[in-house]
Amino acid sequence: IYPPVEVEKISQATRGLKPKNYFERSEKQGSATKGAGSYYLIVSRIVGAKGIELATEAAKKTGVSLKVLGEPAGLKWFGGKLESLKGRGVELLGRVSDKELYRYYGQCRAFLALATDEDFGVTPVEAMAAGRPVIAFRGGGYLESVVEGKTGIFLDKLTIESLAEVLKKFKPEKYKPEDCRKQAKKFSKERFKKEIKEFIKKKWKLKN
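Presented here is an overview of the structure given in this document.

## Regarding the state of the cysteines
- Per the counting criterion, the structure on display carries zero disulfides.
- Between C108, a cysteine without a disulfide, and C180, which holds the nearest cysteine sulfur, the sulfur-to-sulfur distance is 9.7 Å.

Set out below in structure tokens:
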């Protein structure tokens, strides 16, 4: 039984939200500035094995904007290390309120899910509930939540070069927000309650 996700709450809060144009005219330069109007998003505890360092390097390599939401946990040295990776379009925004979180989900270009050992992964589902596609590592629970070609794409290799290539060429307009929301509903809190009740009822009958 999959864990519950606030799908309906996020979906309602993000209706009408969409990324700004990826190419946005710079008032100062009078020319189109790549990455000025949209961003990729990561929501995660800042620890190892989450692919955060990889994502920051790939973002800088391609000149795209990346926002990272979350606080350092466990290895304090890692948080300090990540501080040095700020700049050139990479922002570490720390902990935010639910309202702010939903807005970041709803306005991102795509969500990045790059952990290599994720049993399930709630955040990609939250992003899909907001109508946004996911770029995920091909492994773990992501294979059960993300539908390739419909709600996102998979990365076979977690290298700076392979991720940079995807970030550079990714076209979010190919993915329909309603397809993402529909997929997210399979992991909703309502579905969780129903399946837990059915499970308990079944076990109770077998026991008695």
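## Quick look at helix α4 (residues 98-107)
- Taken as a whole, α4 has its buried residues at L101, Y102, Y104, Y105 and G106.
- Tucked inside the fold, the buried residues of α4 contact α1 (7-14), β3 (40-43), β4 (66-69), β5 (90-94), β6 (110-113) and α5 (122-129).

## Some points on the pairing of β3
- Along β3, one buried face is formed by Y40 and I42 and the opposite face, lined by L41 and V43, is buried too.
- The pairing of β3 with β4 spans four bridges and is classified as parallel. From the neighbouring strand, Y40 faces β4, where its bridge partner is L66.
- Of the pairings in the sheet, the one linking β3 to β6 comprises two bridges and is parallel in character. In the sheet register, L41 faces β6, and the bridge partner there is F111.

## Section: the pattern of salt bridges
- According to the stated counting rule, one finds eleven salt bridges in the structure shown.
- Notably, a salt bridge pairs K50 with E118, separated by 3.1 Å at the nearest N-O pair. Placement of K50 in the loop between β3 and α2 (52-62) and of E118 in the loop between β6 and α5 is noted, with a sequence separation of 68 residues between them.
- As a salt-bridge pair, E195 and R191 come within 3.3 Å of each other at their nearest N and O atoms. In this pair, E195 and R191 are both assigned in helix α9 (residues 189-207), four residues apart and thus about one turn of the helix distant.
- Classification of E195 as partly exposed rests on a relative accessible area of 29%.
- For R191, a relative accessible area of 11% puts it in the buried group.

## A few points about the side chain of R132
- With respect to the element layout, R132 can be found in the loop between α5 and β7 (134-137).
- Although buried, R132 forms no salt bridge, and the nearest oppositely charged side chain, E173, lies 7.5 Å from it.
- A polar contact of 2.8 Å, which involves the side chain of R132, links it to the backbone oxygen of C108.
- With residues near it in sequence (within four places) discarded, R132 still touches P19, Y105, G106, C108, R109, A127, P172 and C180.

## Section: the sheet that holds strand β8 (residues 152-155)
- On the basis of which strands lie adjacent, the open sheet formed by six strands has the order β5-β4-β3-β6-β7-β8 and parallel pairing. Edge strands, defined here as strands with exactly one partner in the open sheet, are β5 and β8. On average, each strand axis in the sheet is inclined to that of its neighbour by 25°, with strand direction left out of account.
- The sheet contact formed by β6 and β7 spans three bridges and is parallel. The residue of β7 that forms the bridge with A113 is A136.

Cut-offs and rules
Residues numbered from 1 in each chain as written. Predicted model: local features only at pLDDT ≥ 70, side-chain atom pairs only at ≥ 80, totals over all residues. Heavy atoms only, no water. Disulfide = S-S within 2.5 Å. Buried < 20%, exposed > 50% of the residue type's maximum accessible area, 1.4 Å probe, protein only. Helix = DSSP H or I, 4+ residues; strand = E, 2+ residues; numbered from the N terminus. Contact = heavy atoms within 4.5 Å. Pairing = 2+ DSSP bridges. Salt bridge = Lys/Arg side-chain N within 4 Å of Asp/Glu carboxyl O. Lys, Arg positive; Asp, Glu negative; His and termini not counted. Polar contact = N/O pair within 3.5 Å; in protein donor to acceptor, adjacent residues only side chain to side chain. Axes fitted to C-alpha atoms, helices over the stretch in contact; angles between N-to-C directions.

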